[in-house]
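# Close look at the chain arrangement
Spelled out from the first residue to the last, the chains are:
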Amino acid sequence: MDRKNSSPPENCRFAIPKKGRLHDKILQMLKGSGIEFRREPRLDVALCVDLPITLVFLPASDIAKYVGEGNIDLGITGLDIVKESQVEVDHVMDLGFGKCKLCVQVPSDDNITDVSTLAGKRIVTSFPELTKQFFQPFDDELGVETKVKFVSGSVEAACGLGLADGIVDLVETGTTMRAAGLEVVADIISTQAMLIANTHTKHIDIIHLIKRRLEGYITATKYVMLVYNVSNELVERAVAITPGKRSPTITALDDGNSKAVSSLVLAKEVNQKMDALHDIGATDILVLDISNSRM
Ligand SMILES: Nc1ncnc2c1ncn2[C@@H]1O[C@H](COP(=O)(O)OP(=O)(O)OP(=O)(O)O)[C@@H](O)[C@H]1O
Ligand SMILES: O=P(O)(O)OC[C@H]1O[C@H](OP(=O)(O)OP(=O)(O)O)[C@H](O)[C@@H]1O
């Protein structure tokens, strides 16, 4: 019988959040990095095309544990989950998205400014380990025991429902927190999505290949190529505006009086760079998107 979700045993197993905040961004990143796969409807295992990788779609909160215990070689999840899972994994690379903070939050009406006043009280969270670790020093000092209760979602509702005196939850824009009438009284950790690997994996080569591909994609999305012409006497000033990642490429034009310059520029700075080049007299300024890279 053809088992559609069977994975060749020699494949590197790579876990991806099956839904939630990180899911779409990761799929976009895999596509941009040329890590293509075929996923049958409703199956959580997919084989990659042209690469010995089996993708496994799992809840984000389970991925660090699977990677730490070696059932999975490689995974993408948040640093918050890695810390909460209390497993040892290799931090292969930060991915630059999924950025937020894990914070202690209290009802704004309670006017609490000192987080130690919550020690011994009731805290509801999806991060019980990190919460206990945070309150332990206060508990030890004050001789109390903070009562930490786990819920898997809708943490922000706990205070309003009378179940908690405070919560520990993620905050990015603060919209969820403010809508629930809460405010931050202390930060616990800053987090972002990261690529993690099992410390004893035998798939080091494929992990390095995935890392290079993701780095290439991330760089490509951060930078654009700025191309322009400038007269010989202005080249030095122009290059000071666009020094490039390493250095710009400068080619002589046939007219003998000017140069063509190509330089990598951070996408978020490109308009300011174009204005500055225009102001010194550069012409034919073009911005080219980069779809992928190896640096
Ligand atoms: N508002 C946010 N901004 C940025 N990153 C976030 C945000 N919320 C969560 N994350 C990151 O995404 C990870 C998964 O959170 P998410 O809320 O998507 O979990 P989930 O419970 O698996 O999904 P769902 O909420 O759909 O059930 C978090 O551990 C964190 O690293
Ligand atoms: O500060 P904000 O920008 O409002 O983001 C914070 C919210 O985002 C996450 O939940 P998510 O919306 O992913 O849903 P969940 O509560 O079901 O996990 C997190 O648990 C917070 O509730």
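The structure we're discussing is the one just above.
None of these values were measured; they are calculated from a predicted model.

Strand order in the open sheet formed by five strands is β9-β8-β10-β7-β11, and the pairing between neighbours is mixed. Strands with a single pairing partner mark the edges of an open sheet, and in this sheet they are β9 (147-150) and β11 (182-191). Between one strand axis and the next, the sheet turns through 25 degrees on average, direction left out of account. Of the pairings in the sheet, the one linking strand β8 (residues 122-125) to β9 comprises four bridges and is parallel in character. Across the sheet, V124 pairs through a bridge with K149, a residue of β9.

Turning next to the site of ligand 2. Taken together, R21, E156, D169, L170, V171, E172, T173, G174, T175 and T176 are the residues near ligand 2. For ligand 2, an oxygen atom lies 2.9 Å from a polar atom in the side chain of R21. At 2.8 Å from an oxygen atom of ligand 2 is found a main-chain nitrogen or oxygen belonging to E172. Considering each element in turn, the shell around ligand 2 owes the most residues, three residues, to strand β10 (residues 166-171). Across the shell around ligand 2, the residue classes tally to two nonpolar, four polar and four charged.

Quick notes on the rules
Residues numbered from 1 in each chain as written. Chains lettered and ligands numbered in written order. Predicted model: local features only at pLDDT ≥ 70, side-chain atom pairs only at ≥ 80, totals over all residues. Heavy atoms only, no water. Pairing = 2+ DSSP bridges. Helix = DSSP H or I, 4+ residues; strand = E, 2+ residues; numbered from the N terminus. Axes fitted to C-alpha atoms, helices over the stretch in contact; angles between N-to-C directions. Near = heavy atom within 4 Å. Polar contact = N/O pair within 3.5 Å; in protein donor to acceptor, adjacent residues only side chain to side chain. Nonpolar A, V, L, I, M, F, W, Y, C, P; charged D, E, K, R; others polar.

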